[in-house]
Amino acid sequence: MSYTFDVSPLTYSSKVLPEINNEKISLKDISLSPKYGIKGKNSIALLEGLGVAIPTEYNSAIIDNDNFIMRLGTTEFLIDGSLAEKLVNEQTIDGAYFVLHQDACLELSGTKLNDMLQEICAVNFKEFDAQKLPVILTSMVGVGVVTLLYKKDGKDTIRLYADPTYSAYFYKTLSQIANEIITRE
Amino acid sequence: MPRISKQNNEWINRNKKLSFEFEGKKYEGLEGDTITSALLANGVKVLARSFKYHRPRSVLTFSNHDANIIMQDDGGSFSMANIRADVVALKAGMKLSAVNTFGDVNHDKASILGNFSKFLPVGFYYKAFHTKALFMQWEKMFRALTGLGKVDLSAPRVRTPKKYDFCDVLVVGGGASGLSAAITAADLGLDVVVVDENQKIGGSINYTNSPRDLIEKAKANSKIRIIENAYASGYYADNWIPIIDKDKMTKMRAKTVIVAQGAFEQPCVFHNNDLPNIMTMGAGLKLLNLYAVQTMKTAVCVVANEYGYEGAVLAMDKGVKIAAIIDMRDEASNSLAAQRLKDAGTKIYAKSCIYEAEINSSKDGVKSVKIANFIANKAGNVKAEIECDGVLMAIGYAPAANLLYQANTKMTFDEEMGQFVPEVLPKAVFACGKVNGKYSYENRVKDGALAALKAAKFLGQNVEVLAEVKETLKPNFAWPIVEHPKGKNFVDMDEDLQLKDFKNAVQEGFDNIELLKRYSTNGMGPSQGKHSNMNGLRVLGKLTGKKPQEVGTTTARPNYHPVFLSHMAGRSFSPERLTPLHSRHEKLGAVFMNAGVWKRPEYYANKALSRKECIEQEAMNIHNNVGIIDVGTLGKIEISGKDAGEFLERIYISKYKDLKVGRGRYGIMCDETGVVIDDGIIARIGEDKFYFTTTTSNAATIYRELSRLNTMWKLDCGIVNLTGAMGAINLAGPKSRELLAQVCDLDLSAKAFPFMGVKITKVCGVEARLIRAGFVGEWGYEIHAPANEMAKIWDELMERGKGMGIAPFGVEAQRLLRLQKGHIIIGQDTDGLTTPYEANLGFALKMDKPFFIGKRSLQIIAKKPQRHILCGIEIIGNEAPKECNLVIENGEIKGRVTSVSYSKKLNKIIGLAYVAPEQNKDGNIIKIKLSNGTMIDAKIVTPTFYDPSHNNQKEAA
């Protein structure tokens, strides 16, 4: 089974949607990297057995080179990066269940990041420290998302993982709001 | 002109003039003016007409509840209705007119209604509509006469942002107590938000002689965020407060809330108390100080507190001659303010009232007031008539406690104070200032600081909470109401309710605050009782011999102040899901339909054919060749673990532990009441692994529920939702096997891959899960694969199938094909009460299982007589009923049609319908009532219309 993406789930075609590159808001589609999910009571044992460093805190992440290892709950993990491609070929064990992740992933940043988040989500992201890599499962503009807040080039940046079938709507809606915020004032 | 010289704290910009129109005449206002202040500054006396009697009206409170001064603006790109002129900022180009007038505001023809007030008693609407025969006539008349403003139906849909915000302390009200609370809380390091409905924070500080330092301190404090021109429109659980500004709603989640909203100044009730230029003291002072507008040269002040005297002095200092102070209390004030007034020649009458106001000759204001003694709440003979052109009222307040009530604060009536005050506040909610019964500036400041300390303590700070503040001022007069034989002494100006209306309502038995409110409509107008509830309560108390505490108050529901519908709707997010094949469907000319949140091809358009012909052609192609449909919208769930079979047996009504690996079985899911809620195919893809589908619209709900049950049951299995990660297509038709054989290496013989067989193999080079299913009644395969690879499979099948006549088909063709087979659609052929027995699904019920969800209910239901049963119908004739048309027998409803369609293949109109069990006999004729009332006949048949022996699923011998 192939876990790399030729095309983004935003269109599932060769059509590429325009990114937003603005100092106030930057919105990028970074869906193409491979993803791996595992859940179940023995998921930690499985990952540890495979030598994968896992976050000790629930709802937090580790960034290991190009790999984002996110702990979604007590026993569920999402790994985004080259490591995912290796892991999908590994055998699982009893009590550890592979989760096929084909999520769209958007990266949001900019000086107006918090303003944007305040208009799309009920979570107070200001309460979280990007250095601690908080992983928050919430809803944005009506879509369930896994979010990871982190620092990129010293700036607060957030990754939003969403079900691929929602991603066209998700991207379009976020783009509209982002453009509105950029042109506001 | 009424505009006076520059004031120290005025809110207007004298350098920027704004042109506008009112009632067709051109005027100029200033930036910072409200519509009301601009009109008054231009000498306009009558701004509006009252609701019922169309009496001339102008400013009453100037505090966001001058409910009569509502206007229409035709100056924008669309006509805007119901603008509150007292608070809405003037804009250049406005073309304003008063609402609810017949003719212009100065010559309102409907003002004649005032002469017929005798015939418009309290509860008039109820009484009018009591006679059924006249209902329509009354309705027509009321619709013509009532209603405020005109909705412009061409107005665009305005999408507004909604914002979520958070703070430690939300202070509602930026007056003295609110600012004191905010500064104290901020100094303790708390994140504070102050919201104030006025243009600028400060409350009465802005127009009285109170010190201004709190305003400057609050503005300079970096821990305080100030939101002006916005209001908290309601209180919801867990300190969730919507804050409404002109552009949007902010959903504020506050850790603590300090309500410092102050109090609404109340009017005095006397004959003609509604004439233009009779207003609350606060209204007069705001106009003078903030907008530099002097509407009266000579004023009479009716007062019952010290504020009345102080206000009169402030007005006098701005140039208003105070002809008299009419103090309703037994003793007049001996304050410095009283002395200053006396020194200026103002007559002060204690134990007195305004008996009536006289209208001037131009019928647009006051000529004089008649004064009488006021003893034991009764007016004596008129003792003087005082010439004046305005009246300022300062007889007391009603606490602005709407948020507190909504937060479930227990309020009590403080007899000494003459006001409802909080007795028990809910957790995390605090009150201070006038709403808390503190009126002097010093006390309000102290009370604000105290509320902040309480909030800080609640948030875990180690602070010492100060002693409660004791107020000695008694600002509220117990009975500011003067009877008059001619009436027109208005208690509620929104609805033109006079004192006698209350008496009549109580006499008619509406002697409870809730009943009185609804019968009289007191407090039900646009100001929602802000100037009338307190007096209404006093009147009811007096008439029923009850104390205010016993009478109680009504609770204004959120939003207690009007909110634009556009603010509530916000951006109106409508999430939608697209399958991985969406771009393919677009290229093929799909006409999309909504299926839950999904966009699905309804059919594929062909310009040469009608919609019906397109659907028929798609269906026939499946019978004759091969069709392909995107079924990626199905819920797709995987369950693994040694208890996976056990889990499924508990969820579904059939058995699955005995299902062999590589086989699938139809599944029906019920809820605890035995009602069918979902169906799908359960495929065993490993010893401890099942893959199953749910209906399109139920996928998310079912997964959530299964996760909940899995947590609760603690079985050894894990559930994974693959709905979005996997795509699926159904390849169906007599040539489907031949086509599939070209793209996979599987033995596709019926023996190797039988009906309801399940295989995992590569299709078009993609690892896929195959199920030999027959939903559409022809040989076919469901092909499930990772979403990112679905297009590869679709494209290759479409390419290779060209020679076999492959064509895509949409939801409509699929619905027809499944109907031909009598396959039900959950939610269409079932409803919220349908059991498996009624839906003909008894074959799947395995009651010998120890447990499954709904079993207990189904055991009970099985013993009861069946209400109806789903059966097949063939329509006799050419007229097709609609889904939901009723099955009628002897005038009684026996059932309804759930699915119906013309089948070209069968050349019949076929359908499914619920009928009474006794009607369910093959060949029986039933009657169906069409939407137009015509009755048609239909024949009961076995619901499998097409290929009843399922030969299409068998290999030809």
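Attention here is on the structure that accompanies the text. In this text, all values refer to a predicted model and were calculated from it rather than measured experimentally.

Looking at the sheet that holds strand β37 (residues 726-732) of chain B
Residues and elements named next belong to chain B. Across the sheet, 6 strands lie side by side as β38-β39-β40-β37-β31-β41; this open sheet has mixed pairing. Looking at the sheet topology across the chains shown, the edges are occupied by β38 (758-763) and β41 (807-808). The pairing of strand β31 (residues 627-630) with β41 spans 2 bridges and is classified as parallel. When the sheet's bridge partners are listed, Ile-628 is paired in β41 with Pro-808.

What about the nonpolar core?
Ranked by size, the top nonpolar core spans 83 residues in total, and within it B:Leu170 and B:Val369 carry the most contacts. Beyond its immediate chain neighbours, meaning those up to four positions away, B:Val369 contacts B:Val300, B:Ile354, B:Glu356, B:Ala357, B:Ala384, B:Glu385, B:Ile386, B:Cys388 and B:Val391.

Quick look at the interface of chain A and chain B
Of the residues lining the interface, 34 residues belong to chain A; the matching set on chain B comes to 38 residues. Scanning the region where chain A abuts chain B turns up 5 salt bridges. The salt bridge involving A:Lys41 is made with B:Asp716; its shortest N-O contact spans 3.5 Å. Run the count over chain A and chain B and you get 13 residue pairs in polar contact (both at pLDDT 80 or more).

Description of the pairing of strand β33 (residues 664-670) of chain B
Remember that side chains alternate between the two faces of the sheet whenever the strand is regular. Burial within β33(B) is extensive, with 5 of its 7 residues counted as buried. With antiparallel pairing between neighbouring strands as the criterion, β33(B) and strand β34 (residues 676-686) of chain B make up a hairpin whose turn holds 5 residues, including B:Gly674 at a positive phi of roughly 85°.

Quick notes on helix α23 (residues 855-862) of chain B
Residue and element names in this part refer to chain B. Along α23, the positions that sit buried rather than exposed are Lys-855, Ser-857 and Leu-858. Down the axis of α23, the buried set is contained in an arc of 155°. They therefore lie on one face. On the buried face of α23, the contacting elements are β33.

Points about the pattern of salt bridges
Residue and element names in this part refer to chain B. Under the definition given, this model contains 58 salt bridges over all chains. Note that Glu-31 and Lys-16 form a salt bridge whose closest N and O atoms lie 3.7 Å from each other. Of the two residues, Glu-31 is situated in strand β2 (residues 25-31) and Lys-16 in strand β1 (residues 13-22); the sequence distance between them amounts to 15 residues. With a relative accessible area of 33%, Glu-31 lands in the partly exposed category.

Overview of the packing of aromatic side chains
Residue and element names in this part refer to chain B. If you walk through the whole model with that rule in mind, you get 25 aromatic pairs over all chains. When the centroid spacing of 4.6 Å and the interplanar angle of 45° are considered together, the rings of Phe-129 and Phe-135 count as tilted. On the basis of relative accessible area, Phe-129 is assigned to the partly exposed category, the value being 27%. Phe-135 sits in the partly exposed class, given a relative accessible area of 36%.

Observations regarding the state of the cysteines
Residues and elements named next belong to chain B. By the definition in use, this model includes 0 disulfides over all chains. Unpaired in terms of disulfides, Cys-268 finds its nearest cysteine sulfur in Cys-353, a separation of 7.6 Å. For Cys-268, a relative accessible area of 1% corresponds to the buried category.

Thresholds, definitions, all that
- Residues numbered from 1 in each chain as written.
- Chains lettered and ligands numbered in written order.
- Predicted model: local features only at pLDDT ≥ 70, side-chain atom pairs only at ≥ 80, totals over all residues.
- Heavy atoms only, no water.
- Pairing = 2+ DSSP bridges.
- Helix = DSSP H or I, 4+ residues; strand = E, 2+ residues; numbered from the N terminus.
- Core = buried A, V, L, I, M, F, W, Y, C linked by side-chain atoms within 4.5 Å.
- Buried < 20%, exposed > 50% of the residue type's maximum accessible area, 1.4 Å probe, protein only.
- Contact = heavy atoms within 4.5 Å.
- Salt bridge = Lys/Arg side-chain N within 4 Å of Asp/Glu carboxyl O.
- Polar contact = N/O pair within 3.5 Å; in protein donor to acceptor, adjacent residues only side chain to side chain.
- Arc of directions from axis to C-beta.
- Phe/Tyr/Trp six-rings, centres within 6.5 Å; stacked < 30°, edge-to-face > 60°.
- Disulfide = S-S within 2.5 Å.

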